[in-house]
Amino acid sequence: MGSRSHTDGAWSERPVQTRSERYASANVGDFDEPTGREVDWKLTPIKLVRDLINGELDGSPLESQVAVAQPVDGFSLAWIDRTDERIGSAGLPEDRASANAWSHFDQALAIDITGEEPTGEFIVSRSGLGTVARAAHTVITAAPNSRGILVLENSGDARIAENVEIVVGEGAHVTVVTIQEWNDSAAHLASHFAQVGRDATLRHIVVSLGGGVVRVNPSIHLSSPGSNTEAYGLYFADAGQHLEQQVYIDHEAENSRSRVKYKGALQGEGAHSVWIGDVLIRQSADGTDSYEENRNLVLSEGTRADSIPNLEIETGNILGAGHASSTGRFDDEQLFYLQSRGISEEEARRLVVRGFLAEIIQQIGAPAVEERLTGAVEAELTVTV
Amino acid sequence: MSVLEIRDLHVSVDTEQGAKQILRGVNLTIKQGETHAIMGPNGSGKSTLAYAIAGHPKYHVTSGSIVLDGEDLTAATVDARARAGVFLAMQYPVEIPGVTVTNFLRTAKTAIDGSAPPIRTWVKDVRTSMENLRMDKAFAERNVNEGFSGGEKKRNEILQLELLKPKFAVLDETDSGLDVDALKIVSEGVNRAKENTDLGVLLITHYNRILRYITPDFVHVFVAGQVVESGGPELAVQLENEGYDTYVAASAAAAEAIASAEAADAAAGVVASPAVNA
């Protein structure tokens, strides 16, 4: 037992390969069933999610399970057919779970962001998905020069594989937040594909607090000049929870900029987090400015945090590229120090964890959501303390 | 007037070889406003005394007691001791990632006082104390001790001492690693606290350098987990000139005498006295 952390540049783990050559297809039959040794599956407990990777999925639209908190000007939502031209505009599956979801969904949820004036956040909630293995597809389209904050909330039971496409039009500036607060038995394998347009900004935020196996893998393609992304993540893995994120930033166009920052806390026997950060700076991406980092805070024994940054640079003409990764313990000496100043043990833990994760929560930009998540993080702390 | 009493304190620490006895019957009485210097060679147990008073979980009190104004703190939690008025300025303060100095100070002050400090005067107090300790304003927004130099960490300890206003402060080798300018600044901070709040000080040090700036009322020589001699400030001067050798040799001779007496007792079939620590 004990807490293990693992960080490496991955080069020692597998042969040098370029992320850009990874196979992509919307057809599940084009992928072999994963064995668990593949680079993108080796840290996932695949025996717990084989049904989502290999099995038949219920692809019926989740019309009664999806709810909008309240209408907001500049946002609209509709169910669209598989044949709609928006489908497939942001990317294609790179793993079998993603392709399985793609092969099985009947209708996709389309969310359009059209408003040019900043408004309140648009909150779309999903719950009551039950325990049947499902497929889902969402397409988020931000019109040129649009502004907005979209929050996708998930709670309750679920076994779901899904794809989320995000197309950010020229000059748009949007924030897409996904929040996973599933029940402990839930399994959720999500792939996000984003295309960011000329001089546009996508702020992409993944918050995973609950679920048995939660894997959210965003691939963000900076495919137009001056495109920009800020990809943030926050996770809090409790006993027995596996929370994973494989982030891929693809600098295709010149003068593109990316910032990736994921922070996680782990507490309880068997809590496991995985962060893999692939950044590719293509030959065409002169003037790229890129930085990615992952920070983990270990709160108890028996946890494991995997943190693997990979940086591929194909052009020398860049502004900057860097990465950082750390996994640290909340140790007894810190506790002693805070307590020696009169602060109770419970408060001391709260102080440290809240401080650590607040940096990500504050990126959302929607005070009500931030406040709720701060409360949710504090509730997590009391689960096993 | 407040009184901190250390009565016949025996403390052991867990090591890989099992529990190791470090303190062997320490007696000290410190009244508010008094400054007691504890001086001793490396390994004599000075820092153990500091940690034991603060309640560090690694140190186990096997007998004796720590009493503040008649209240027995021997079994109290670390935070309860702090709220009762005991402060430890640490030799090696740890980093607290993600918690700014501002947030930390306010949280600690609220915990100690039982209610949040009035915002206007508090902000002013923090600013004044930081200026007095020549700490840059930017410190307030940095994470506690993160990336601080050795001197900055010590100043941050004294900043807390000034703001939290304890009854008694244990300074654990606060002077170690400080250049003379930093030593003066830190000493001034301690003297201000003594003046303003009638602080009682237990100053643990190896050298008498800091005693040029913080005048002790009493000096105690600490060897092999015990106070072996007590006196006034002149004792520090004597130690400066003569070192600890005489005390260490005397202590070793005493330990040997006890051991040989036990051996003789054992040879004579007498059950060894349980008071071997005496």
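Residues numbered from 1 in each chain as written. Chains lettered and ligands numbered in written order. Predicted model: local features only at pLDDT ≥ 70, side-chain atom pairs only at ≥ 80, totals over all residues. Heavy atoms only, no water.

1. With respect to the overall build of chain B
Worth spelling out the cut-off: A run of DSSP states H or I qualifies as a helix once it reaches four residues; a run of E qualifies as a strand once it reaches two. Both are numbered from the N-terminal end. Each radius of gyration reported is based on C-alpha atoms, and the globular scaling rule is 2.2 Å times the count of residues to the power 0.38. Residue exposure (1.4 Å probe, protein chains only): buried if accessible area is under 20% of the type maximum, exposed if over 50%, otherwise partly exposed. Whether two residues are in contact is decided by their heavy atoms, any of which lying within 4.5 Å being enough. Here the open area of atoms and residues is found with the Shrake-Rupley method and a 1.4 Å probe, where only the protein chains shown may cover a residue.
On a plain count of helices and strands, chain B comes out with eight helices and twelve strands. The globule rule puts the C-alpha radius of gyration for 278 residues at 19 Å, and the 20 Å found for chain B is close to it. Considering only C-alpha atoms, chain B reaches an extent of 75 × 40 × 40 Å along its principal axes. Going through the 278 residues of chain B one by one, you find that 49% of them count as buried. Long-range contacts, defined here as pairs at least 24 residues apart, represent 71% of the contacts in chain B between residues at least 6 apart. When the accessible area of chain B is evaluated, it comes to approximately 12600 Å², of which 52% is carbon and sulfur surface.

2. Things to note about the overall build of chain A
On a plain count of helices and strands, chain A comes out with five helices and 19 strands. Computed over the C-alpha atoms, the radius of gyration of chain A is 20 Å, within 12% of the 21 Å expected from 2.2 N^0.38 for a compact globule of 385 residues. If one aligns the C-alpha atoms of chain A with their principal axes, the spans along those axes are about 60 × 50 × 45 Å. Evaluated residue by residue, chain A yields a buried proportion of 60% over its 385 residues.

3. Section: the interface of chain A and chain B
Here is the rule: By convention, the term buried area covers the 1.4 Å-probe accessible surface removed from two parts as they join, with the contributions of both added. By convention in these notes, a salt bridge is any Lys or Arg side-chain nitrogen within 4 Å of a carboxyl oxygen on Asp or Glu.
Across the boundary between the two partners, chain A contributes 16 residues, which contact 33 residues of chain B. Between chain A and chain B lies a buried interface of about 1900 Å² when both sides are counted; carbon and sulfur atoms form 69% of it. Among the residues of chain A in contact with chain B, Phe336, Tyr337 and Arg341 of chain A are the three that bury the most area, contributing 41% of the side total. Here chain A and chain B share one salt bridge between them. Of the charged contacts, one joins Glu157 of chain B and Arg341 of chain A as a salt bridge, the two residues approaching to 2.6 Å between their closest N and O atoms.

4. Focus: the sheet that holds strand β3 (residues 35–39) of chain B
All names here are of chain B. Quick note on the threshold: Strands are labelled as partners when DSSP assigns at least two bridges between them. What counts as an axis is a line fitted to C-alpha atoms, over the stretch in contact for a helix, and the angles between N-to-C directions run from 0 to 180 degrees.
The strand order β6-β9-β10-β3-β11-β12 describes an open sheet built from six strands, whose pairing is mixed. Of all strands in the sheet, those bounded by a partner on one side alone are β6 (86–89) and β12 (226–231). The mean angle between the axes of side-by-side strands here comes to 20 degrees, regardless of whether they run parallel or antiparallel. Where β3 lies against strand β11 (residues 218–223), four bridges are found, and the strand directions are parallel. Within the sheet, the bridge partner assigned to Ile38 lies in β11 and is His220. The strands touched by helix α1 (residues 46–54) within the sheet are β3, β6, β9 (168–172), β10 (200–205) and β11, with β10 carrying the most contacts at an inclination of about 145 degrees.

5. Brief notes about the UniProt feature "domain: SUF system FeS cluster assembly SufBD core" (unreviewed entry) in chain A
Put simply, the rule reads: UniProt positions are given in the numbering used here, feature names are shortened, and annotations may be inferred rather than shown by experiment.
The feature "domain: SUF system FeS cluster assembly SufBD core" (unreviewed entry), as annotated in UniProt, sits at residues 132–356 of chain A in this numbering. The distance from the first to the last C-alpha atom of residues 132–356 of chain A is 36 Å, and the span holds 9% helix and 62% strand.

6. Quick look at the pattern of salt bridges
If charged atoms from side chains of opposite charge come close, those side chains can pair. All names here are of chain A. Applying the stated rule across the entire model yields 34 salt bridges over all chains. Taking the shortest distance from any N to any O, the salt bridge between Asp84 and Arg86 comes out at 3.0 Å. With relative accessibility at 22%, the residue Asp84 sits in the partly exposed group. Residue classification places Arg86 among the partly exposed residues on the basis of a relative accessible area of 24%.

7. Side note on the packing of helix α5 (residues 150–164) of chain B against helix α6 (residues 180–197) of chain B
Helix packing geometry: the angle between the two helix axes and the distance between the axes. All names here are of chain B. How we decide: The cut-offs work like this: below 35 degrees is roughly parallel, past 145 is roughly antiparallel, 65 to 115 is roughly perpendicular, and the gaps in between are oblique.
Contact geometry for α5 and α6: axes closest at 9 Å, N-to-C directions at 10 degrees. The angle between α5 and α6 falls in the class roughly parallel. Contact with α5, carried on its side by Lys154, Arg155, Ile158, Leu161 and Glu162, involves Ile185, Val186, Gly189, Val190, Arg192 and Ala193 of α6 and no other residues of that element.

8. A look at the pairing of strand β15 (residues 257–266) of chain A
Residues and elements named next belong to chain A. With eight of its ten residues buried, β15 lies for the most part within the structure. Of the strand pairs in this sheet, strand β13 (residues 228–237) and β15 are connected by ten bridges, and their pairing is parallel. Across the sheet, the residue bridging to Ala231 is Val260, located in β15. Taken together, the ten bridges between β15 and strand β17 (residues 289–298) define a ladder with parallel strand orientation. Note that in β17 the partner of Ser258 across the bridge is Ser290.

9. Quick word on the environment of Ser125 of chain A
Residues and elements named next belong to chain A. Our working rule: Identification of polar contacts relies on pairs of N or O atoms within 3.5 Å, with a donor-acceptor requirement for protein atoms, meaning one able to donate a hydrogen and the other able to accept it, and with residues adjacent in sequence counted only if both atoms are side-chain atoms.
Here Ser125 shows up in strand β5 (residues 122–126). Residue class for Ser125 comes out partly exposed when judged on its relative accessible area of 22%. In this structure, the C-alpha to C-alpha distance between Ser125 and Gln65, residues 60 residues apart in sequence, is 8.0 Å. Residues contacting Ser125, with those up to four places away along its chain left out, are Gln65, Val66, Ala67 and Glu153. Within the local environment of Ser125, its side chain forms a polar contact with the side chain of Glu153, the two groups lying 3.0 Å apart.

10. Focus on the packing of aromatic side chains
Put simply, the rule is: Two rings from Phe, Tyr or Trp (for Trp, the six-membered ring) form a pair when their centres are within 6.5 Å of each other. A pair whose planes differ by under 30 degrees is stacked, one over 60 is edge-to-face, and the rest are tilted. The rule for a charge over a ring is simple: NZ of Lys or CZ of Arg within 6 Å of the ring centre, and within 35 degrees of the ring normal.
Applying the stated criterion across every chain yields a total of seven aromatic pairs over all chains. An angle of 70 degrees between the planes, with centres 5.6 Å apart, marks the rings of Tyr23 of chain A and Phe31 of chain A as edge-to-face. With a centroid separation of 6.3 Å and 65 degrees between ring planes, the pair formed by Trp102 of chain A and Phe193 of chain A is classed as edge-to-face. Placement of Trp102 of chain A in helix α2 (residues 96–104) and of Phe193 of chain A in strand β10 (residues 187–196) is noted, with a sequence separation of 91 residues between them. The pair formed by Trp102 of chain A and Phe193 of chain A is uniform in burial state, with each residue classed as buried. Of the aromatic side chains, those joined through ring pairs into one cluster are Phe336 of chain A together with Tyr51 and Tyr59 of chain B. Note that Arg215 of chain A overlies the ring of Trp41 of chain A, its terminal NZ or CZ placed 3.7 Å from the centroid. In this structure, Arg142 of chain B is placed above the aromatic ring of Phe139 of chain B, and the distance from its NZ or CZ to the ring centre is 5.0 Å.

11. Points about the confidence of the model for chain B
For clarity, the cut-off: Per-residue confidence from the predictor is given as pLDDT, running between 0 and 100.
Averaged over all residues, the pLDDT of chain B equals 92, while 95% of them reach at least 70. Across residues 271–278 of chain B the pLDDT falls below 50, and counting only partners more than four positions away or on other chains, this stretch makes six contacts in the model.

12. Some points on unusual backbone geometry
Within the chain, Asp199 of chain A stands out as a residue other than glycine whose phi angle is a positive 55 degrees. Among the structural elements, Asp199 of chain A can be located in the loop between β10 and β11 (201–210). The exposure class of Asp199 of chain A is exposed, given its relative accessible area of 52%. One non-glycine residue with positive phi stands out, namely Asn145 of chain B, at about 65 degrees. Turning to its location among the elements, Asn145 of chain B is positioned in the loop between β8 (143–144) and α5.

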